[in-house]
Amino acid sequence: MAITTVPGTTRPGRSATPYAAGPRRTSLGRKVRDNLTGHAFLIGAVLCFAVFSWYPMIRGVVMSFQRTRRGETTWVGWDNYARILDDPSFWTAWKNTLYFTALALVLGYAVPFFVAILLNEFRQAKGYLRILVYLPVMLPPASALFLFKYYAYDPSEAGLFNAVLAALHLPTSEWMQSPGMTMPAMVLASTWMNMGSAVLIYLAALQNIPGELYEAAELDGAGIWRRIVNVTIPQTRLILLLLAMLQIVATMQLFIEPLILANGAGAEDSATSVAYLIYQHGFFQNDLNGAAALGVIMLVVLAGFSAVYARLTSKQD
């Protein structure tokens, strides 16, 4: 006798699970697989940061409270910090670093902004000019600095800058051999080498400013300078503040410029920076604990600048 089933019932020996459960399980499995893929990529990035960024920072903090002699490590508390603070070169390095940062804010921070304003006014060859400005960023930093050292800053009249000064009947300079010119020369090279990225960011911000604002300013009789002060700067305020903070953090880690241009310390220690002093302690004096203490001090200072920036921007927002 044939077995018949009534619609809505199940066949003998079959599960009571509705037939629609199969697609639901498939959809749920797909979501789980997608989430697992995303988390796998995230875990890889977190592991890279943990191994190459977070662990060295934590290890550096621990080493700053230790002293290692002949393979034996002992805890010495704040002795490394006291020894670093008593070193006269520590204060010289901070003075040079802050001087470089101040010069970079005057020159390296302002120049890219005005170059971006100038490029934004061009109607032809915009792409070519942007490539021309960004080209130094694509050069390896060491190659660009060696170019300045042996071609532009040659103390003889064969150097590019001295040849220009001689053609204008102006006194030439020894550049990196002169203590007074060391920092300005390094700021000039660093600005030329790094300003391309800032110019492109400023250009993107300038192109988002509504043209009606400039038209209204022109109708009110505002000149170029008034339009920059009253329209351009307020409209790009957040970008200006962000790049100012990045400029401070980057310039206070000054290292490769004195290492290549001034052979490290420079004339009369005029180029010694905090980062280069860390390099000296770690690789020349074999004082890894002192280098770690210097690194922690720099970390605290940069974190303080970042906290001040975050507080100021939060109030303005």
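- Under an unreviewed UniProt entry, the chain has the name Sugar ABC transporter permease and belongs to Micromonospora globbae.
- Under the heading Subcellular location (unreviewed entry), UniProt records this for the chain: "Cell membrane".

## Some thoughts on the overall build of the chain
- For the chain, the helix and strand inventory stands at 14 helices and two strands.
- Relative to a compact globule of 317 residues, whose C-alpha radius of gyration would be 20 Å, the chain shows 30 Å and is clearly more extended.
- For the chain, the C-alpha atoms occupy an extent of roughly 120 × 75 × 40 Å along the three principal directions.
- Excluding contacts between residues fewer than 6 apart, the proportion of contacts in the chain whose partners are at least 24 apart in sequence is 64%.
- Across the chain, the 22 positively charged side chains and the 18 negatively charged ones have centroids separated by 22 Å.

## Overview of the nonpolar core
- Tyr109, Ala116, Leu119, Val199 and Tyr202 are the most contacted members of the largest nonpolar core, which has 21 residues in total.
- At the level of elements, helix H4 (110-121), helix H5 (126-138), helix H8 (179-206), helix H10 (224-235) and helix H11 (237-251) are the ones that each hand at least two residues to this core.
- Per element, the largest residue contribution to this core is six residues, and it comes from H8.
- Aside from chain neighbours lying at most four places away, what touches Leu119 is Lys126, Leu129, Val133, Val199 and Leu203.

## With respect to the UniProt feature "domain: ABC transmembrane type-1" (unreviewed entry) in the chain
- The UniProt record marks residues 94-309 with the feature "domain: ABC transmembrane type-1" (unreviewed entry), using the residue numbering of this structure.
- End C-alpha to end C-alpha, residues 94-309 measures 21 Å, and it is 75% helix and 0% strand.

## Let's talk about the UniProt feature "transmembrane region" (unreviewed entry) in the chain
- The residues that UniProt annotates with the feature "transmembrane region" (unreviewed entry) are residues 36-55, 98-119, 131-152, 185-205, 238-256 and 291-312.
- Taken end to end, residues 36-55 is 100% helix and 0% strand, and its two terminal C-alpha atoms sit 26 Å from one another.
- The distance from the first to the last C-alpha atom of residues 291-312 is 32 Å, and the span holds 100% helix and 0% strand.

## Description of the packing of helix H9 (residues 211-219) against H10
- H10 packs onto H9 with a crossing angle of 160 degrees between their chain directions and a minimal axis gap of 10 Å. With respect to each other, H9 and H10 are oriented roughly antiparallel. Relative to H10, H9 is oriented so that their crossing is right-handed. On H10, the residues that touch Leu213, Tyr214, Ala217 and Glu218 of H9 are Arg227, Val231, Thr232 and Gln235.
- Residue composition of the contact of H9 with H10, grouped by class: four nonpolar, two polar and two charged.

## Topic: a nonpolar patch on the surface
- On the surface, Leu139, Leu147, Tyr151, Leu160, Val164, Leu168, Leu170 and Trp192 cluster together to form a nonpolar patch covering roughly 720 Å² of accessible area.
- Residue assignment for the nonpolar patch shows that the elements contributing at least two residues are helix H6 (141-152) and helix H7 (160-167).
- Mapping Leu160 onto the fold places it in helix H7.
- With relative accessibility at 36%, the residue Leu160 sits in the partly exposed group.

So, how was this worked out
- Residues numbered from 1 in each chain as written.
- Predicted model: local features only at pLDDT ≥ 70, side-chain atom pairs only at ≥ 80, totals over all residues.
- Heavy atoms only, no water.
- UniProt positions renumbered as here; feature names shortened; annotations may be inferred.
- Helix = DSSP H or I, 4+ residues; strand = E, 2+ residues; numbered from the N terminus.
- Rg over C-alpha atoms; globule rule 2.2 N^0.38 Å.
- Contact = heavy atoms within 4.5 Å.
- Lys, Arg positive; Asp, Glu negative; His and termini not counted.
- Charge placed at Lys NZ, Arg CZ, Asp CG, Glu CD.
- Core = buried A, V, L, I, M, F, W, Y, C linked by side-chain atoms within 4.5 Å.
- Buried < 20%, exposed > 50% of the residue type's maximum accessible area, 1.4 Å probe, protein only.
- Axes fitted to C-alpha atoms, helices over the stretch in contact; angles between N-to-C directions.
- Parallel < 35°, antiparallel > 145°, perpendicular 65-115°, else oblique.
- Left-handed = near helix turned anticlockwise from the far one by under 90°.
- Nonpolar A, V, L, I, M, F, W, Y, C, P; charged D, E, K, R; others polar.
- Patch = residues over 30% accessible without salt bridge, like charges linked within 9 Å, V, L, I, M, F, W, Y side chains within 5 Å.
- Areas by Shrake-Rupley, 256 points an atom, 1.4 Å probe, with all protein chains shown as cover.
- Salt bridge = Lys/Arg side-chain N within 4 Å of Asp/Glu carboxyl O.

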